[in-house]
Amino acid sequence: NPISPKWVAISLWWISTVQLTVPLLLSVPWPGSRGSQFPTRKAEDVHVTESAELSIGDGPGQTLIKPEEHYTDFDTLGSILVRTFCEVWGFQPNKCTHHESVSHLAVASGLRYIGSTSLSYPVKRITEIIDFKQGYMFNTVNGLEPMRQGWELRSLKEFHKLARCRFSRVFFIMLCKLALQTNLQITLFIIFRLLHKQQGVYDKVKMKLLGYIAIASLVFTFCVELLDVIYVFKIFYVVRCAVKPAVAKHGDSSKCYAAEDFIAREDGQESIQRNIYSGKDLKQAYYVALRHFWRMLLLTLFSTWLIGYALLKFFCA
């Protein structure tokens, strides 16, 4: 019989292997795809010179650095596969940043806490962009300087990164690992209890106590994940309230809404390049964030319903 607890357990085991493979495809850098890496890992190694430039080291041996020359995103095997086979069907390849990579690797390994890179860091970046109106870099006579233009689009793109990482946890942890596993475990517990009852060795108090201990940890972990998702929903509400006036004002316009200047390095030469964003780009980014929100919301509601159904089945069976 293909519809049996045995085959359900095998199916859930196969899904759990996807929890390892998919985040790895989305987080491990593809060889040669990394840009110029930042020359130091310690903040205390960087000093501010008298001319307001950044340098590593002091004295004659100091090395001047420009942070805008170094990039934090890179291609992964997943983004390359999407660009090669799926981009023609409307799928967009997304490069991965280092904090996204750490978050995906935590999902792959089953970790719960990985420091600030999982939730607090991207949330802080979003709130800083909104509060201080941090837009894109613009090339001036003094070099690349941050401007106020485009801060709405930047906040939306930062939310995209946060939502992609959080959706992985919602799908793999909340739905596949907790909601479905809790239902399976409760079903097996009910079958085990009925079997012992038929054999005359049924101990109601002992069996319920063992069931409480086995299921309490799953429900507790689910509630912790649920609180994190609710926090992400609150961040989306903050972003939506901040960018909605600009979307309503510029969303249907093809005129230049913001410009992003950056340093490109090709064939050993550096040059200043510019990306131009229109109001339609802003509206498209807003719709992408909205789709992320609804996708997480529907999956969260479905997982919560499964947990509620499993608990009702446990107490009433």
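Structure's up top.
Since the structure is predicted, the reported quantities are computational estimates derived from the model, not experimental observations.

Caption draft 1: Examining the overall build of the protein chain more closely. A tally of regular secondary structure across the protein chain gives seven helices and nine strands. Within the protein chain, the proportion of its 317 residues that are buried is 37%. For the protein chain, the share of sequence-separated contacts (at least 6 apart) that also reach a separation of at least 24 residues comes to 68%. Carbon and sulfur atoms provide 63% of the accessible area of the protein chain, an area that totals close to 18,900 Å².

Caption draft 2: Broad picture of helix H3 (residues 98–109). Under the 1.5 Å per step criterion, the end-to-end length of H3 is 17 Å for twelve residues, consistent within 8% with the ideal 16 Å. Taken as a whole, H3 has its buried residues at His99, Glu100, Ser101, Ser103, His104, Ala106, Val107 and Ala108. The first or second residue beyond H3 is Gly110, which carries a positive phi of 85°.

Caption draft 3: Examining the sheet that holds strand S2 (residues 54–56) more closely. Taken in spatial order, the three strands line up as S1-S2-S3 in an open sheet, and their pairing is antiparallel. The two strands at the open ends of the sheet, each matched to only one other strand, are strand S1 (46–48) and strand S3 (63–65). Strand-to-strand twist of the sheet, defined as the mean angle between neighbouring strand axes without regard to direction, takes the value 40°. Sheet topology note: the S2/S3 ladder contains three bridges and is antiparallel. Opposite Leu54, over in S3, you have Ile65 as the bridge partner.

Caption draft 4: Quick peek at the pattern of salt bridges. This structure, assessed with the given rule, holds nine salt bridges. Where Lys161 meets Glu158, a salt bridge forms, and the shortest distance between an N and an O atom there is 3.5 Å. Taken together, the residues Lys161 and Glu158, both in helix H5 (residues 151–198) and three residues apart, mark about one turn of the helix. On the accessibility criterion, Glu158 (12% relative accessible area) is buried.

Caption draft 5: Here's a closer look at the environment of Phe222. Note that Phe222 resides in helix H6 (residues 204–250). For Phe222, a relative accessible area of 2% corresponds to the buried category. Distance in space between the C-alpha atoms of Phe222 and Thr304 is 8.6 Å, their sequence separation being 82 residues.

Caption draft 6: Fine view of unusual backbone geometry. Phi is positive for Lys133, which is not a glycine, with a value near 55°. Mapped onto the elements of the fold, Lys133 is located in the loop between helix H4 (120–132) and strand S6 (137–140).

Caption draft 7: Region of the structure containing the nonpolar core. One finds Leu156, Phe159 and Leu162 to be the most contacted residues of the largest nonpolar core, which totals 43 residues. Among the elements of the structure, H4, H5, H6, strand S8 (256–266) and helix H7 (279–316) are those that each provide at least two residues to this core. If we skip the residues at most four places from it in the chain, Leu162 touches Ser118, Leu119, Pro122, Val123, Ile126, Val232 and Ile235. Among the nonpolar cores identified, the runner-up in size contains seven residues, and Ile190, Ile215, Ala310 and Phe314 belong to it.

Caption draft 8: Structural context of the packing of aromatic side chains. Evaluation of the coordinates by the stated rule reveals nine aromatic pairs. With a centroid separation of 5.4 Å and an interplanar angle of 40°, the aromatic rings of Phe159 and Phe236 are classed as tilted. Of this pair, Phe159 sits in helix H5 while Phe236 sits in helix H6, and the two are 77 residues apart along the sequence. Residue Phe159 shares its accessibility class with Phe236, and that shared class is buried. Taking 5.8 Å as the distance between ring centres and 15° as the angle between the ring planes, the aromatic pair formed by Trp305 and Tyr309 counts as stacked. Placement of the pair is Trp305 and Tyr309 together in helix H7, with a separation of four residues, close to one helical turn.

Reading the values: the criteria
Residues numbered from 1 in each chain as written. Predicted model: local features only at pLDDT ≥ 70, side-chain atom pairs only at ≥ 80, totals over all residues. Heavy atoms only, no water. Helix = DSSP H or I, 4+ residues; strand = E, 2+ residues; numbered from the N terminus. Buried < 20%, exposed > 50% of the residue type's maximum accessible area, 1.4 Å probe, protein only. Contact = heavy atoms within 4.5 Å. Areas by Shrake-Rupley, 256 points an atom, 1.4 Å probe, with all protein chains shown as cover. Expected span 1.5 Å × (residues − 1). Pairing = 2+ DSSP bridges. Axes fitted to C-alpha atoms, helices over the stretch in contact; angles between N-to-C directions. Salt bridge = Lys/Arg side-chain N within 4 Å of Asp/Glu carboxyl O. Core = buried A, V, L, I, M, F, W, Y, C linked by side-chain atoms within 4.5 Å. Phe/Tyr/Trp six-rings, centres within 6.5 Å; stacked < 30°, edge-to-face > 60°.

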